[in-house]
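# Residue-level structural notes
As a plain string of letters, each chain reads:
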Amino acid sequence: MNTAEKLSILADAAKYDVACTSSGSDRQAQAGQLGNTIAAGLCHSFAADGRCISLLKVLFTNVCTHDCAYCVNRVSNDVPRASFRPRELADLVIGFYRRNYIEGLFLSSGVAGSADATTERIIECLRILRHEYGFRGYIHAKAIPGTSPALVDELGRLCDRLSVNLELPSQESLKLLAPGKTRENVLAPMRQIHDSIAEDKDTRGLVRRRNHYLRQVHAPKREQAFAPAGQSTQMIIGATPESDYHILNLSHALYANLGLKRVFFSAYIPVNQDARLPSSGAIELDREHRLYQADWLMRFYGFHVDEIIEPSSPFLDTGIDPKANWALNHLECFPVEVNRARKAELLRVPGIGVKGAQLIMRARKRSTLDEDALRKLGIALNRARFFITCNGKYLGAGVRFYKEDLRPYLTSAIDGGKHGRRAVRVPEGQMSLFDELPLEVAPAAKASLPASRPVAASKTQGKPELERLWGGAA
């Protein structure tokens, strides 16, 4: 089998691994070496600044000893198998890079023989890239559960980001659908990666301070940083009965206890016939999208998980985004005056994002903002107008300030777009950028507004218990 045939098989086999991640690390180009890694963002589709960036997303091998019910590459499936040789894949990456096809690599793998044997071959490939070719581009590699700590450490010093797939939201589901994997085999490398990143950061800080104190002109060559872009994980949703409440609390625990940069949700795609799997062939893309929105609120908007979802309603409403849903349930906190509101209050307004809140805070230092000024700043006034005032003027006049009246203006169908693989019959399990449909303003009675009140403070709690949350379904 030639390299092109292997690439066709192994690139297709990698499509179920979610890899749309920001790089999170900054490594400049150097004379005599190839590439760089830009902290502004790197992913297989679009960067944070809008650039289209490509990663070669591929498996090292789709040969696997595991028989996970949901996986197309499980050992019991009769599918074409292929494996790269370490140098063969390294040469392929460099060839693609020099042709300007790619700027980085996302590498996962099945388990061929054992976790250690497979990881050793992946490490050999990355050594060739980093040391022989001097490749300084972005590399995201998956650490295989059960890999020995020494190999995880070596792998982490060759990658920008490491990830270990949690796979499923509870230990019971893992036992049912992936009997070859155990909770400890998954959590042990995740804990090691977290501890190694923290230790590496502390050590480098001490070295920098020492060198500054000694005013060394030629500081000693430093060891490669350990996974400077951090770690992430992925879990499949919809293959097992765990609720969104359980999944979001688990994500919160992963962020709090293991310092993950990102938790990815992958809607279950039926690729196998198995009695343990759901009989329905529906792909829960709407649910996946709402989980990503809720996750974004926790990471960037200051929401606590208990504000987004409650045990009494354990599944997110797919008809409305979680932020708008919170606003409708807390109308006592609105409207807020955009010229005086704190940033935390602005971030709670539907239609105002992190960048929008920053622009408002900056612009109002120079002038008093009105409706036209907000439009020029790019604020989504078709949503935000019901929750704000501009210099005392309410922008949502004509609609009563009641939950049942406001909700129709904040709901919209999730549109997966007509581009890429989302347009085909079986989606590829990757997150898309969903565009909201335009909202028509319906006539209604004049709004009856309550006095503006401050946004409720986020709840603060200690670190949630990861072992309890991943020890059973909720």
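Residues numbered from 1 in each chain as written. Predicted model: local features only at pLDDT ≥ 70, side-chain atom pairs only at ≥ 80, totals over all residues. Heavy atoms only, no water.

Before going further, it helps to spend a moment on the pattern of salt bridges. Where side chains of opposite charge bring their charged atoms close, a pairing between them can arise. The full count for this structure, using the stated rule, is 23 salt bridges. Across the pair Arg127 and Glu154 runs a salt bridge, and its minimum N-O distance is 2.2 Å. Here Glu154 lies in helix 4 (residues 149-156) and Arg127 lies in helix 3 (residues 115-132), a separation of 27 residues in the sequence. Residue classification places Glu154 among the partly exposed residues on the basis of a relative accessible area of 28%. Taking the shortest distance from any N to any O, the salt bridge between Asp200 and Arg157 comes out at 3.4 Å. Taken together, the residues span a long stretch of sequence, with Asp200 in helix 6 (residues 183-214) and Arg157 in the loop between helix 4 and strand 4 (161-163) at a distance of 43 residues. For the residue pair Asp200 and Arg157, the accessibility class agrees, reading buried in each case. Shared partners join several salt bridges into a network, and the residues in it are Asp67, Arg74, Asp274 and Arg276. (Salt bridge = Lys/Arg side-chain N within 4 Å of Asp/Glu carboxyl O. Helix = DSSP H or I, 4+ residues; strand = E, 2+ residues; numbered from the N terminus. Buried < 20%, exposed > 50% of the residue type's maximum accessible area, 1.4 Å probe, protein only.)

In total, this model carries 9 aromatic pairs according to the counting rule given. Taking NZ or CZ as reference, Arg348 lies 3.8 Å from the ring centre of Phe303, over its face. (Phe/Tyr/Trp six-rings, centres within 6.5 Å; stacked < 30°, edge-to-face > 60°. Lys NZ or Arg CZ within 6 Å of the ring centre and 35° of its normal.)

The interhelical angle for the contact between helix 2 (residues 86-98) and helix 3, taken along N-to-C directions, is 40 degrees, at an axis separation of 8 Å. Accordingly, the angle class assigned to the pair helix 2 and helix 3 is oblique. Read as a crossing pair, helix 2 and helix 3 show a hand that is right-handed. Residues Pro86, Arg87, Leu89, Ala90, Val93 and Ile94 of helix 2 lie in contact with helix 3, whose contacting residues are Arg121, Glu124, Cys125, Ile128, Leu129 and Glu132. Of the residues belonging to the contact of helix 2 with helix 3, the class tally is 8 nonpolar, no polar and 4 charged. (Axes fitted to C-alpha atoms, helices over the stretch in contact; angles between N-to-C directions. Parallel < 35°, antiparallel > 145°, perpendicular 65-115°, else oblique. Left-handed = near helix turned anticlockwise from the far one by under 90°. Contact = heavy atoms within 4.5 Å. Nonpolar A, V, L, I, M, F, W, Y, C, P; charged D, E, K, R; others polar.)

This brings us to helix 7 (residues 244-258). Given a rise of 1.5 Å per residue, 15 residues ought to cover 21 Å, and the 20 Å separating the end C-alpha atoms of helix 7 matches this to within 8%. Counting buried positions along helix 7 yields 11 of 15 residues, so the element is predominantly enclosed. Where helix 7 is concerned, the buried positions are Asp244, His246, Ile247, Leu248, Asn249, Leu250, Ser251, Ala253, Leu254, Tyr255 and Leu258. Just downstream of helix 7 lies Gly259, where phi reads positive at about 60 degrees. (Expected span 1.5 Å × (residues − 1).)

It is worth spelling out the nonpolar core at this point. Counting residues in hydrophobic clusters, the biggest one holds 117 residues, and the most contacted among them are Leu126, Leu254, Leu374, Phe387 and Ile388. Take this core: its biggest share by element is 7 residues, from helix 7. Beyond its immediate chain neighbours, meaning those up to four positions away, Ile388 contacts Pro335, Val336, Val338, Val349, Ile352, Leu374, Leu381, Lys393, Tyr394 and Leu395. (Core = buried A, V, L, I, M, F, W, Y, C linked by side-chain atoms within 4.5 Å.)

Keep in mind that these numbers describe shape and distance, not what the molecule does.
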